[in-house]
Amino acid sequence: MSTIYYIGPVLKDGNAGIFIRVQNKEPKIDIKKKTGLSVNPRVWDKRNSKTFWDKYKGNAEIEKLFEQLKNIRNSVEGQLALGKALKSEDVQKLIEDVIYKEAKEEEQRRKEELLRMKLEAEKMTLVKYFQKFYDDAESGRRVTVKGTRYTHGSLTSIKQALNHFLDFEGSLKKKHDFDNVNMDFYNDYMTYLNNHNYRLNTIGKNICWLKAVMSMAETEGYHHSAIYKDKRFKDTRVEADSIYLTKEDLDAIRDVDLSCEQPGYTLARDIFLIGVWTAQRVSDYNNLDSKNVKEYNVRTIEDVDDPDNPGKTKAIVVEKTKKVIEIVQKKTGAKVYIPCSSELLQILEKYDFNVPHLSDQKVNDYIKEVAKMAKLEDEIRVEYVKGGQKHVDFVPKWKMVHTHTARRTGATLMYLSGMDIYDIMKITGHTTPLTLKRYIKAEELEVVQKMVQQYDYFD
């Protein structure tokens with residue numbers, strides 16, 4: 001028996017097709033077949049020389065070609081050694097088994113993966129998917145609809161919702177599948193959350209994340225239940241109790257003597273005030289450095305004394321350099337520009353435009369203490385729903401100061417200064433006046449004063 005290779009005519013691409021001839025005396029076989037492979041004739045002619053292999057050693061394409069030819073020959077001769085009376089189609093199949101081996105293996109892997117996913121879908125439960133949702137979000141395998149990673153705050157919220165759901169299942173000693181999520185389930189879960197005296201916003205977040213999990217699970221083919229989309233299946237929440245600080249409050253915070261306190265108090269105060277004058281989220285204003293500071297030139301026309309005409313003035317063009325803060329908001333991905341006020345510029349210059357980072361939690365803890373030292377003692381009436389019932393408390397203002405107060409304060413003070421609401425949106429990054437409205441916490445009397453100052457209609 002013999003198996004030989006030879007090449008055919010040179011093709012347009014400069015290569016020649018490789019053929020195989022299979023011969024055998026008993027049983028008598030003489031088959032010629034195209035291998036489907038091609039080679040440069042100059043490479044083919046020198047294939048048996050040591051110089052050739054020294055030159056092409058490590059060339060993956062050449063090595064793969066000759067490895068395939070060797071494997072085809074081994075397959076054919078192996079069948080002949082067993083006494084098989086090979087036919088033309090048998091040789092063709094042996095060739096294709098080698099040539100398309102990788103493609104077939106890839107196809108097999110794909111089929112196995114589809115089977116694995118099918119089996120996983122068949123055994124997936126709601127709580128297992130909830131856990132997977134959190135794990136994937138934490139690792140970064142799952143991202144938001146905007147393509148960004150979930151924030152630390154969102155991950156904490158998801159984890160809390162998962163734990164509450166696990167506690168709920170544990171209390172009922174019952175496992176819930178996707179198809180069990182109906183209005184009876186919703187009412188049972190709401191009753192459970194209310195009986196544990198969770199605030200309405202906490203309950204709303206639990207339902208919100210449950211709906212998000214159900215939505216993603218449906219998208220990924222784990223269920224076809226749509227009851228979670230029913231308007232009765234709602235994540236009712238109320239606006240969180242919050243405050244803004246007046247300019248007098250800010251002056252009091254700025255003027256507190258912190259010389260006897262640990263340095264973290266001063267840094268926390270400065271970071272908080274940066275948040276006020278930028279009106280950004282803490283994740284954005286707690287990370288400023290010189291790369292965020294941009295400069296631009298402004299030309300204005302000013303009247304100055306005319307030395308050639310005593311008692312008169314003349315108009316001149318004055319060019320001034322202004323600084324702005326450029327921030328790409330972590331939550332939304334929006335790029336915003338904030339002109340540097342004198343208060344903001346003073347703080348940034350103090351740190352040479354590279355403000356040290358302090359953990360958000362420490363900023364929260366320290367700024368409360370600073371606000372307390374600033375004697376922000378006014379009692380704030382706080383209404384909230386807890387355990388399904390409405391409650392009212394009176395809390396000293398300093399206790400309600402936290403990192404997000406800075407953003408709310410900045411937006412409110414801009415509004416009270418008479419700034420156009422659409423200009424405020426360009427700074428805060430809000431996309432609609434309605435969403436910005438939640439951040440404006442001015443008292444009605446202050447709004448009236450703003451209107452009187454801005455419009456002569458009331459004169």
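Above this note sits the structure.
An account of the accompanying structure is given in this report. (Residues numbered from 1 in each chain as written. Predicted model: local features only at pLDDT ≥ 70, side-chain atom pairs only at ≥ 80, totals over all residues. Heavy atoms only, no water.)

Points about the packing of helix H7 (residues 152–172) against helix H8 (residues 183–195)
Step number 1: One can describe the packing of H7 onto H8 by two numbers: an axis separation of 11 Å at closest approach and a directional angle of 105°. Relative to H8, the element H7 lies roughly perpendicular. Contact with H7, carried on its side by Ala161, His164, Phe165, Asp167, Phe168 and Ser171, involves Phe185, Asp188, Tyr189, Tyr192 and Leu193 of H8 and no other residues of that element.
Step number 2: Tallied by class, the residues present in the contact of H7 with H8 amount to seven nonpolar, two polar and two charged. (Axes fitted to C-alpha atoms, helices over the stretch in contact; angles between N-to-C directions. Helix = DSSP H or I, 4+ residues; strand = E, 2+ residues; numbered from the N terminus. Parallel < 35°, antiparallel > 145°, perpendicular 65-115°, else oblique. Contact = heavy atoms within 4.5 Å. Nonpolar A, V, L, I, M, F, W, Y, C, P; charged D, E, K, R; others polar.)

Digging into the nonpolar core
Step number 1: Leu245, Phe272, Ile274, Ile325 and Leu348 are the most contacted members of the largest nonpolar core, which has 55 residues in total.
Step number 2: Ranked by the residues each element gives to this core, the list is headed by helix H11 (residues 263–278), at eight residues.
Step number 3: Other than its neighbours up to four places away in sequence, leucine 245 contacts Leu250, Ile253, Phe272, Leu376, Lys397, Val401, Thr405, Thr409 and Leu413.
Step number 4: With 34 residues, the next largest nonpolar core counts Val127, Met190, Leu210 and Met214 among its residues. (Core = buried A, V, L, I, M, F, W, Y, C linked by side-chain atoms within 4.5 Å. Buried < 20%, exposed > 50% of the residue type's maximum accessible area, 1.4 Å probe, protein only.)

Overview of the pairing of strand E5 (residues 313–328)
Step number 1: In this sheet, E5 lies alongside strand E4 (residues 293–305) in antiparallel orientation, the contact comprising 13 bridges. Across the sheet, the residue bridging to aspartate 303 is alanine 315, located in E5.
Step number 2: Strand direction decides the pairing type here: E5 and strand E6 (residues 335–339), joined by five bridges, are antiparallel. Along E6, the bridge assignment pairs valine 328 with lysine 335.
Step number 3: The turn linking E5 back onto E6 is made up of six residues, and glycine 333 within it adopts a positive phi angle of 80°. (Pairing = 2+ DSSP bridges.)

Quick word on the pattern of salt bridges
Side chains bearing opposite charge may pair, as long as their charged atoms lie close to each other.
Step number 1: Per the counting criterion, the structure on display carries 22 salt bridges.
Step number 2: Taking the shortest distance from any N to any O, the salt bridge between arginine 142 and aspartate 136 comes out at 3.9 Å.
Step number 3: What makes arginine 142 buried here is its relative accessible area of 8%.
Step number 4: On the accessibility criterion, aspartate 136 (9% relative accessible area) is buried.
Step number 5: Because the salt bridges share partners, they merge into one network encompassing Lys132, Asp136, Arg141, Arg142 and Glu220. (Salt bridge = Lys/Arg side-chain N within 4 Å of Asp/Glu carboxyl O.)

Description of the packing of aromatic side chains
Two aromatic rings are characterised by how far apart their centres lie and by the angle between their planes.
Step number 1: Tallying each qualifying case throughout the model produces 18 aromatic pairs.
Step number 2: Between phenylalanine 165 and phenylalanine 168, the ring centres sit 6.3 Å apart and the planes meet at 50°, which makes this aromatic pair tilted. Within this pair, phenylalanine 165 and its partner phenylalanine 168 are both found in helix H7, separated by three residues, close to a single helical turn. Neither phenylalanine 165 nor phenylalanine 168 differs from the other in exposure class; each is buried.
Step number 3: Ring geometry for phenylalanine 168 versus phenylalanine 185: centroids 5.8 Å apart, planes at 75°, classification edge-to-face. In this pair, phenylalanine 168 sits in helix H7 while phenylalanine 185 sits in helix H8, placing the two residues 17 residues apart along the sequence. As far as the burial class goes, phenylalanine 168 and phenylalanine 185 line up, both buried. (Phe/Tyr/Trp six-rings, centres within 6.5 Å; stacked < 30°, edge-to-face > 60°.)

Observations regarding the packing of H7 against helix H9 (residues 200–219)
Step number 1: At a minimum axis separation of 9 Å, H7 and H9 run at an interaxial angle of 90°. Regarding the angle of H7 to H9, the classification is roughly perpendicular. Contacts between H7 and H9 involve Ser154, Ser157, Ile158, Gln160, Ala161, His164 and Phe165 from the former and Thr202, Lys205, Asn206, Trp209 and Leu210 from the latter.
Step number 2: Here the contact of H7 with H9 is built from residues that sort into five nonpolar, six polar and one charged.

Some thoughts on the sheet that holds E4
Step number 1: Taking strand neighbours across the sheet as the criterion, the three strands line up as E4-E5-E6 in an open arrangement whose pairing is antiparallel. Each end of this open sheet is capped by a strand with a single partner; those strands are E4 and E6. Strand-to-strand twist in this sheet, taken as the mean axis angle between neighbours without regard to direction, amounts to 30°.

Regarding a negative patch on the surface
Step number 1: A cluster of like negative charges, contributed by Asp257, Glu261, Asp365 and Glu369, occupies part of the molecular surface.
Step number 2: With respect to the secondary-structure elements, aspartate 365 resides in helix H14 (residues 360–373). (Patch = residues over 30% accessible without salt bridge, like charges linked within 9 Å, V, L, I, M, F, W, Y side chains within 5 Å. Areas by Shrake-Rupley, 256 points an atom, 1.4 Å probe, with all protein chains shown as cover. Lys, Arg positive; Asp, Glu negative; His and termini not counted. Charge placed at Lys NZ, Arg CZ, Asp CG, Glu CD.)

Considerations on the side chain of threonine 35
Step number 1: Structurally, the position occupied by threonine 35 is in strand E3 (residues 29–39).
Step number 2: A relative accessible area of 4% means that threonine 35 is categorised as buried.
Step number 3: A polar contact is formed between the side chain of threonine 35 and the backbone oxygen of isoleucine 18, at a distance of 2.8 Å.
Step number 4: Separated by 3.1 Å, the side chain of threonine 35 and the backbone nitrogen of leucine 37 make a polar contact. (Polar contact = N/O pair within 3.5 Å; in protein donor to acceptor, adjacent residues only side chain to side chain.)

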